[in-house]
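Chain by chain, the residues:
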Amino acid sequence: MTEKHSKSRQQAEIAFGDAQSQFFARNSAVDELDSLVRARQEKTVRLREAREAKESETRLKVATALAAKRAGKI
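Here is a short report on the structure shown in this document. (Residues numbered from 1 in each chain as written. Predicted model: local features only at pLDDT ≥ 70, side-chain atom pairs only at ≥ 80, totals over all residues. Heavy atoms only, no water.)

Looking at the overall build of the chain
Argument step 1. From N to C terminus, the chain includes one helix and zero strands.
Argument step 2. Relative to a compact globule of 74 residues, whose C-alpha radius of gyration would be 11 Å, the chain shows 31 Å and is clearly more extended.
Argument step 3. When the backbone C-alpha atoms are referred to their principal axes, the chain occupies close to 100 × 20 × 5 Å.
Argument step 4. Counting across all 74 residues of the chain, residues that qualify as buried make up 0%.
Argument step 5. Of the roughly 7100 Å² that the chain leaves accessible, carbon and sulfur atoms contribute 57%.
Argument step 6. Put simply, the chain has 16 plus and 11 minus side-chain charges, and the middle of one group is 12 Å from the middle of the other. (Helix = DSSP H or I, 4+ residues; strand = E, 2+ residues; numbered from the N terminus. Rg over C-alpha atoms; globule rule 2.2 N^0.38 Å. Buried < 20%, exposed > 50% of the residue type's maximum accessible area, 1.4 Å probe, protein only. Areas by Shrake-Rupley, 256 points an atom, 1.4 Å probe, with all protein chains shown as cover. Lys, Arg positive; Asp, Glu negative; His and termini not counted. Charge placed at Lys NZ, Arg CZ, Asp CG, Glu CD.)

Here's the deal with the packing of aromatic side chains
Argument step 1. Tallying each qualifying case throughout the model produces one aromatic pair.
Argument step 2. Both rings, one in F23 and one in F24, keep their centres 5.5 Å apart while their planes meet at 65°; by these two values the pair is edge-to-face. (Phe/Tyr/Trp six-rings, centres within 6.5 Å; stacked < 30°, edge-to-face > 60°.)

What about the pattern of salt bridges?
Argument step 1. Overall, the coordinates contain three salt bridges when judged by the stated rule.
Argument step 2. With a closest N to O distance of 3.0 Å, E13 and R9 form a salt bridge. Taken together, the positions of E13 and R9, both in helix 1 (residues 7-73) and four residues apart, correspond to about one turn of that helix.
Argument step 3. Residues E57 and K61 are paired through a salt bridge, measuring 3.4 Å at the closest nitrogen-oxygen approach. Of this pair, E57 and K61 are both found in helix 1, four residues apart, which corresponds to roughly one turn of the helix.
Argument step 4. With relative accessibility at 45%, the residue E57 sits in the partly exposed group. (Salt bridge = Lys/Arg side-chain N within 4 Å of Asp/Glu carboxyl O.)

Here it is, written out as structure tokens:
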């Protein structure tokens, strides 16, 4: 059931296929960029949480050492 189309119809079909391919390629690129941005944001959150935990631990150690030093002077 091969249908014969006019030359202009064939050209239109080819042009539409090309446009559709570009559309899907663009969507694919956008999706890839979105996933990179999301991964970067998640990594930033993990690193921030790790830094804040480390800073909190350091403050606790300093406060404990200071309290011990003050208790020793009394």
